[in-house]
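Each chain is listed here by its residues.
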Amino acid sequence: MKSTILFLIVFISSQSLWGQRFSVEISSDSILIGNYIEVKFSTDEVNYQFESPEFKDFQIVSGPNSSMSSQYINGKYSGEKTISYYIKPIEEGQLTIEPGYFTLDDQTHETEAIEVSVFPNPEGIIQQPEQEEHNFFFKRFEFPGFNKEEVEEKPAKKKRKLKRL
């Protein structure tokens, strides 16, 4: 009986930790020198302190950029907060993006470090990182003619000639 109660207490108290998600993702793990990548630190908690990595082998082009989404469905709240940076490597080789730290309720959570391969770029090719489109409404509902590819060219109507009586 005591072990069952102890198990329930441990299970209920750990539920708040299991629901938390802290992650990092990058737009590409390999890049040509002179280009930049996007690094996103995300969590499903909105009330936290964030400590970014130093980005010692990178130049910060833009950031920190913050975005937040939240929703209530059937009385249940869910949300996500993202901190993003656009960074440009300052040297070639295998570089490391250090972990970011999320502090919530006096507990610190760490994302994993990420390796990025930076290659020479003798031709000076510039590529921009792929970005997500945030037109949720228009993606969900497809409207005819919304995309330019779907619009068909219709011949212009002929003007009517007016005849006076």
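Residues numbered from 1 in each chain as written. Predicted model: local features only at pLDDT ≥ 70, side-chain atom pairs only at ≥ 80, totals over all residues. Heavy atoms only, no water.

A.B. asks: Would you explain the overall build of the protein in this entry?
C.D. replies: The helix and strand inventory of the protein stands at two helices and 10 strands. The helix and strand sequence of the protein, counted from the amino end, reads α-β-β-β-β-β-β-β-β-β-β-α. Accessible area of the protein: about 13,400 Å², with a carbon and sulfur share of 52%. (Helix = DSSP H or I, 4+ residues; strand = E, 2+ residues; numbered from the N terminus. Areas by Shrake-Rupley, 256 points an atom, 1.4 Å probe, with all protein chains shown as cover.)

A.B. asks: Looking at this structure, how should I read the sheet that holds strand 7 (residues 93–97)?
C.D. replies: Note: strands within a sheet are paired through backbone hydrogen bonds, in either parallel or antiparallel orientation. One open sheet accounts for three strands, arranged 2-10-7; its pairing is mixed. Each end of this open sheet is capped by a strand with a single partner; those strands are strand 2 (30–32) and strand 7. When strand polarity is set aside, the average angle formed by the axes of neighbouring strands in this sheet is 30°. Direction of pairing for strand 7 relative to strand 10 (residues 114–119): antiparallel, over a ladder of five bridges. Opposite Gly-93, over in strand 10, you have Val-118 as the bridge partner. (Pairing = 2+ DSSP bridges. Axes fitted to C-alpha atoms, helices over the stretch in contact; angles between N-to-C directions.)

A.B. asks: How should I be thinking about a nonpolar patch on the surface in this particular structure?
C.D. replies: Taken together, Met-68, Tyr-72 and Tyr-77 make up a surface patch of nonpolar side chains, about 380 Å² in accessible area. Mapping Tyr-77 onto the fold places it in strand 6 (residues 76–89). Using a relative accessible area of 37% as the deciding quantity, one classes Tyr-77 as partly exposed. (Patch = residues over 30% accessible without salt bridge, like charges linked within 9 Å, V, L, I, M, F, W, Y side chains within 5 Å. Salt bridge = Lys/Arg side-chain N within 4 Å of Asp/Glu carboxyl O. Buried < 20%, exposed > 50% of the residue type's maximum accessible area, 1.4 Å probe, protein only.)

A.B. asks: Help me out: how do you make sense of the packing of aromatic side chains in this one?
C.D. replies: As enumerated under the stated definition, the model contains eight aromatic pairs in all. Summarising the aromatic geometry, the rings of Phe-22 and Phe-102 are spaced 4.9 Å apart at their centres and angled 40° between planes, so their arrangement reads as tilted. A residue pair is termed long-range when its members are at least 10 positions apart, and Phe-22 in strand 1 (residues 22–26) and Phe-102 in strand 8 (residues 101–104) qualify at 80 residues. When the centroid spacing of 5.7 Å and the interplanar angle of 85° are considered together, the rings of Tyr-36 and Tyr-86 count as edge-to-face. Within this pair, whereas Tyr-36 is found in the loop between strand 2 and strand 3 (37–43), its partner Tyr-86 is found in strand 6, the two being separated by 50 residues in sequence. A relative accessible area of 21% means that Tyr-36 is categorised as partly exposed. Classification of Tyr-86 as buried rests on a relative accessible area of 14%. Of the aromatic side chains, those joined through ring pairs into one cluster are Phe-22, Phe-41, Tyr-48, Phe-50, Phe-55, Tyr-85 and Phe-102. The side chain of Lys-81 reaches across the aromatic face of Tyr-48, ending 5.5 Å from its centre. (Phe/Tyr/Trp six-rings, centres within 6.5 Å; stacked < 30°, edge-to-face > 60°. Lys NZ or Arg CZ within 6 Å of the ring centre and 35° of its normal.)

A.B. asks: Got a minute to help me understand the confidence of the model for the protein in this structure?
C.D. replies: Do not read the fine detail of predicted coordinates wherever pLDDT is low. The share of residues in the protein with pLDDT of 70 or more is 71%, and the mean pLDDT across the chain is 76. The low-confidence segment residues 1–18 (pLDDT under 50) makes three contacts with residues lying over four places distant or belonging to another chain. (pLDDT = per-residue confidence, 0-100. Contact = heavy atoms within 4.5 Å.)

A.B. asks: Would you take a moment to explain unusual backbone geometry for this structure?
C.D. replies: With the exception of glycine, the majority of residues adopt a negative phi angle, and the majority of peptide bonds are in the trans configuration. Looking along the chain, the bond that leaves Gly-63 and enters Pro-64 is cis, with omega of 5°. Tracing the sequence through the fold places Pro-64 in strand 5 (residues 58–73). Phi is positive for Phe-55, which is not a glycine, with a value near 55°. Along the polypeptide, Phe-55 turns up in the loop between strand 4 (49–51) and strand 5. Since its relative accessible area comes to 6%, Phe-55 is described here as buried. Here Asp-106, not a glycine, exhibits a phi torsion of approximately 60°, which is positive. Inspection of the secondary structure assignment puts Asp-106 in the loop between strand 8 and strand 9 (107–110).

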